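One letter stands for each residue in the lines below.
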Amino acid sequence: MRRFVIPRAAVAVVACLVGVGLAGAASAQELGLIYAAVIDQTGQPVTDLAPEEFQVSEDGNAARVVSADVGAEPMKIALLVDNGRRISMGQAINPLRDGVAAFIENIPAEHEIGLFTVGGQIRRRVGFTTDRGELLEEVADIHVDNAGSVRFIDGVRETWDRRYDGDEAWPIFVAVLTDALESSAFMNEDRFMGWVGNLRAGGVTVHSVLWRSRGAGFAGQVATGFAINLAENTGGRYTQIAAATAYEDNLRQLATDMAAHWDQASIRYRVIYERPDPAGQSVSVSVTRPGVNLQLFGDRSMP
């Protein structure tokens, strides 16, 4: 995503993004979403702006700002773990547990984590909590489900619908996957793409770490394709590993990077606005408060 920081001109500082992907909404008025960091002349973040201090337009057509809030709340992370038969076939249950535990231990304590398994059936292990002891105890008790498939997409969909309120500042999914057959019922292409749009509108990010074994064939390609698709469409990260023993290092690094990214991005405003009719391709945002610089981001992608 190209980023622009434009010095203040007159009483407004203006920044533009061209061709930015905007999230749709299931309402009569389509909504746009943009993230903005506002910095004063000393380099300190400005976090007390009101929505009316933002001005947004698309291709020069003014848009009404609905809300502009700083996302300083902690992350709410749904940790989805594939514990299906592929784990047993690869004798990988201990590397799986070690990797999930490493992730939990390296997410700072203020962030909530919920633990779910999605091998064969979707099961809530621990509801969203900051209690790392409870989470780690349950991780040690994860066993293999004999199902030969994974319900990754259904796991994300059901958890988003049932476990999130919809107004969280940082809704995040982290999927620990194998290349087992994806057996979710939610497979119609049109429904899937509409659902992905709703995830984007809700500010959801989906990260995946997927163990791709040799000879996985078409089933592995399907699982991999869904993981890549969700990561690319939500600003998440997709990591493919060749051995289950790599779960631990990769999940530890993902947790470290997520925490560092939150430190940087939690000062950004999440600006929601009503898109003009006709909608445009170039989005311009200005702030009426003098003496500040503005930097825009199309999503919350990690570097």
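Everything here concerns the structure above.
First, a word on scope: everything that follows refers to the structure included in this document. (Residues numbered from 1 in each chain as written. Predicted model: local features only at pLDDT ≥ 70, side-chain atom pairs only at ≥ 80, totals over all residues. Heavy atoms only, no water.)

**Overview of the overall build of the protein chain**
Tallying secondary structure elements over the protein chain gives seven helices and 16 strands in all. A burial count over the protein chain gives 51% of its 303 residues as buried. Sequence-distant contacts, at least 24 apart, represent 81% of the contacts inside the protein chain between residues at least 6 apart. Surface exposure of the protein chain reaches about 13,300 Å², of which carbon and sulfur atoms provide 46%. (Helix = DSSP H or I, 4+ residues; strand = E, 2+ residues; numbered from the N terminus. Buried < 20%, exposed > 50% of the residue type's maximum accessible area, 1.4 Å probe, protein only. Contact = heavy atoms within 4.5 Å. Areas by Shrake-Rupley, 256 points an atom, 1.4 Å probe, with all protein chains shown as cover.)

**What to know about the packing of aromatic side chains**
This structure, assessed with the given rule, holds seven aromatic pairs. Ring centres of Phe-128 and Tyr-164 lie 5.1 Å apart, and the angle between their planes is 65°; on these two criteria the pair is classed as edge-to-face. Of this pair, Phe-128 sits in strand E8 (residues 123-129) while Tyr-164 sits in the loop between helix H4 (152-163) and strand E10 (171-178), and the two are 36 residues apart along the sequence. Here Tyr-164 falls in the buried class, since its relative accessible area comes to 5%. (Phe/Tyr/Trp six-rings, centres within 6.5 Å; stacked < 30°, edge-to-face > 60°.)

**Observations regarding helix H5 (residues 189-201)**
For H5, spanning 13 residues, the distance from its first C-alpha to its last is 18 Å, which sits close to the expected 18 Å at 1.5 Å a residue. Two residues or fewer past H5, Gly-203 is found with a positive phi of approximately 75°. (Expected span 1.5 Å × (residues − 1).)

**Brief notes about the environment of Leu-31**
For Leu-31, the location among the structural elements is in strand E3 (residues 31-40). Classification of Leu-31 by relative accessible area gives partly exposed; the value is 24%. With 241 residues separating them in the primary sequence, Leu-31 and Ile-272 have C-alpha atoms 6.7 Å apart.

**Details of the packing of helix H2 (residues 93-105) against helix H3 (residues 132-139)**
One can describe the packing of H2 onto H3 by two numbers: an axis separation of 10 Å at closest approach and a directional angle of 170°. Considered as vectors, H2 and H3 are oriented roughly antiparallel to each other. Taken together, the residues of H3 that come into contact with H2 (itself represented by Arg-97, Val-100, Ala-101, Ile-104 and Glu-105) are Arg-132, Leu-135, Leu-136 and Val-139. Of the residues that constitute the contact of H2 with H3, the class distribution is six nonpolar, no polar and three charged. (Axes fitted to C-alpha atoms, helices over the stretch in contact; angles between N-to-C directions. Parallel < 35°, antiparallel > 145°, perpendicular 65-115°, else oblique. Nonpolar A, V, L, I, M, F, W, Y, C, P; charged D, E, K, R; others polar.)

**Considering the sheet that holds strand E7 (residues 112-117)**
If you walk across this open sheet you meet the six strands as E8-E7-E6-E10-E12-E13, and the pairing is mixed. Each edge of the open sheet carries a strand with a single partner, namely E8 and strand E13 (238-241). Here the strands of the sheet are splayed against their neighbours by 10° on average, with no regard to which way each runs. Helix H7 (residues 247-265) rests against strand E6 (76-81), E10, strand E12 (205-211) and E13 of the sheet, and its axis sits at about 170° to E10. (Pairing = 2+ DSSP bridges.)

**Notes on the side chain of Arg-97**
Among the secondary structure elements, Arg-97 is positioned in helix H2. Of the side chains with opposite charge, Asp-141 comes closest to the buried, unpaired Arg-97, at an N-O distance of 6.4 Å. A distance of 2.7 Å separates a polar atom in the side chain of Arg-97 from the backbone oxygen of Ile-142. Excluding anything up to four places from it in sequence, Arg-97 contacts Val-139, Ala-140, Ile-142 and His-143. (Lys, Arg positive; Asp, Glu negative; His and termini not counted. Salt bridge = Lys/Arg side-chain N within 4 Å of Asp/Glu carboxyl O. Polar contact = N/O pair within 3.5 Å; in protein donor to acceptor, adjacent residues only side chain to side chain.)

**Focus: the pattern of salt bridges**
Enumeration over the complete set of coordinates arrives at 16 salt bridges. With its nearest N and O atoms 2.9 Å apart, the salt bridge here joins Arg-86 to Asp-179. Of this pair, Arg-86 sits in helix H1 (residues 85-89) while Asp-179 sits in the loop between E10 and strand E11 (181-182); the two residues are 93 residues apart in sequence, bridging distant segments of the chain. The exposure classification of Arg-86 matches that of Asp-179, with both residues buried. Measuring nitrogen to oxygen at the nearest pair gives 3.3 Å for the salt bridge that ties Arg-157 to Asp-154. Highlighted residues: Arg-157 and Asp-154, both in helix H4, separated by three residues, approximately one helical turn. Residues joined by salt bridges that share partners form a network here, namely Arg-151, Asp-154, Arg-157, Glu-158 and Arg-162.

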